[in-house]
Amino acid sequence: MTSSNTRFAVSIISAALTLGLSACGSNDDKKGATQVAAKVNSEEISVHQINQVLSRSNTAGSTPQAVQAMSREVLEKLIDQQLAIDQATENKLHRSPEVVSQIETSRRDILARAYTQKIAEAQPKPTPEEIKNYLTEHPQLFAERRVFNVQEIVIPVAAGVTEQLRGFVSSGKPIEEVAAWLKGKDIKFGGGIATRASEQIPLELLAQIHALKDGQSAVIQAPQTVTLLRIASSQLSPIAEAVALPRIEQFLTNQRANEAVVASIKKLRTDAKISYMGEFATADAAPATAPATAPVVQAPDDKAKSTLEKGVAGLK
């Protein structure tokens, strides 16, 4: 097997899967989903296993012949997997501490994801009114969407130059002069040039940046950094309502699911008895509430890099 085939096999074989392509239809369909596709020594590989792998592939629009060919390829990879499993078992690798630990880690991850998925799926879908309201309330993402060419200078807050930067912005000083001033003061900074569409900008910053005209600058404060951002140029690039509405629906669905999961985990932490041990036993060992997943809308990055690196990912 070539290295590329090996990588493909690993990606197919190790995927976490939840859906099958034979999940609907008659009783014959249900029977077919559990038929044996192959036997490897004493172990069976079912059609259901193949369908689980295929459910992660984009088979929309594929011909029956193409799907059949993909099924055969997946089956061969599952056979390779089973042969490897047999050898691992024969060599008692499943009893090694490292493998046992990895299996337990995978089990914990699968169970936790199953719970959060259950919470997410229980949330009501956004209504057409909610979707339309979001469209109306965020014109900068849709009807007034722009693509910005920006210049940035990112400085650690510890440098203590925030007020000086605000003064430079008020006086309209070119960003090149600001960079020269910082170098003259031996203040280290990062930054550069980037192109960002409105949806790639953190939502809590978008209104501020959207208000800037070409050539204007702003100072953006974050807990660990301060950024001097200049709009070198921009171009209006609106998104049609017909295209925007399904994106908004998906974004609101993700946001609602995320909030529900975070709230559920927060309540579970409140109700549970959690005791920190050893080096973690100090009062500030962990935050009172640890979010179960990253927010859909990311906050500005605290490290010295582009403030616009993360945006409204759910709307992409």
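Note: the structure precedes this text.
The notes below deal with the structure included here. Being a predicted model, the structure only gives us computed values, none of them experimental.

### Things to note about the nonpolar core
- With 22 residues, the main nonpolar core has Y134, F142, I209, L229, I231 and I248 as its most contacted residues.
- Of all the elements in the fold, those that place two or more residues in this core are α6 (128–137), β3 (146–156), α9 (203–210), β5 (217–221), β6 (225–236) and α10 (241–271).
- With four residues, α10 is the largest single contributor of residues to this core.
- Core analysis: the next-biggest nonpolar cluster, separate from the first, contains 13 residues, I155, L182, V219 and L228 among them.

### With respect to the packing of helix α3 (residues 47–54) against helix α4 (residues 64–90)
- Axis separation between α3 and α4 bottoms out at 9 Å; the angle between their running directions is 110°. Here α3 is positioned roughly perpendicular relative to α4, judged by the angle of their axes. Contact with α3, carried on its side by Q49, I50, V53 and L54, involves V67, M70, S71, V74, L75 and L78 of α4 and no other residues of that element.

### A look at helix α7 (residues 162–170)
- Taken as a whole, α7 has its buried residues at T162, L165 and F168. On an axial view of α7, the arc spanned by its buried residues comes to 120°, and they lie on one face. Along α7, exposed side chains directed more than 90 degrees from the buried face belong to E163 and S170.
- The secondary structure elements touched by the buried residues of α7 are β3, α8 (175–184), β5 and β6.
- G172 lies just past α7 and shows a positive phi near 75°.

### A look at unusual backbone geometry
- Within the chain, N41 stands out as a residue other than glycine whose phi angle is a positive 55°.
- Mapped onto the secondary structure, N41 falls in the loop between β1 (36–40) and β2 (43–46).
- In this structure, D186 takes a positive phi of about 60° despite not being glycine.
- On the secondary structure map, D186 appears in the loop between α8 and β4 (190–197).
- Exposure remark for D186: the relative accessible area of 65% places this residue in the exposed category.

### A word on the pairing of β3
- Taken across its eleven residues, β3 has eight buried, putting it largely inside the fold.
- Pairing geometry for β3 and β6, over eleven bridges, is antiparallel. Across the sheet, the residue bridging to Q151 is R230, located in β6.
- Strand direction decides the pairing type here: β3 and β4, joined by eight bridges, are antiparallel. What sits directly across from Q151, in β4, is I193.

Reading guide: rules and limits
Residues numbered from 1 in each chain as written. Predicted model: local features only at pLDDT ≥ 70, side-chain atom pairs only at ≥ 80, totals over all residues. Heavy atoms only, no water. Core = buried A, V, L, I, M, F, W, Y, C linked by side-chain atoms within 4.5 Å. Buried < 20%, exposed > 50% of the residue type's maximum accessible area, 1.4 Å probe, protein only. Helix = DSSP H or I, 4+ residues; strand = E, 2+ residues; numbered from the N terminus. Axes fitted to C-alpha atoms, helices over the stretch in contact; angles between N-to-C directions. Parallel < 35°, antiparallel > 145°, perpendicular 65-115°, else oblique. Contact = heavy atoms within 4.5 Å. Arc of directions from axis to C-beta. Pairing = 2+ DSSP bridges.

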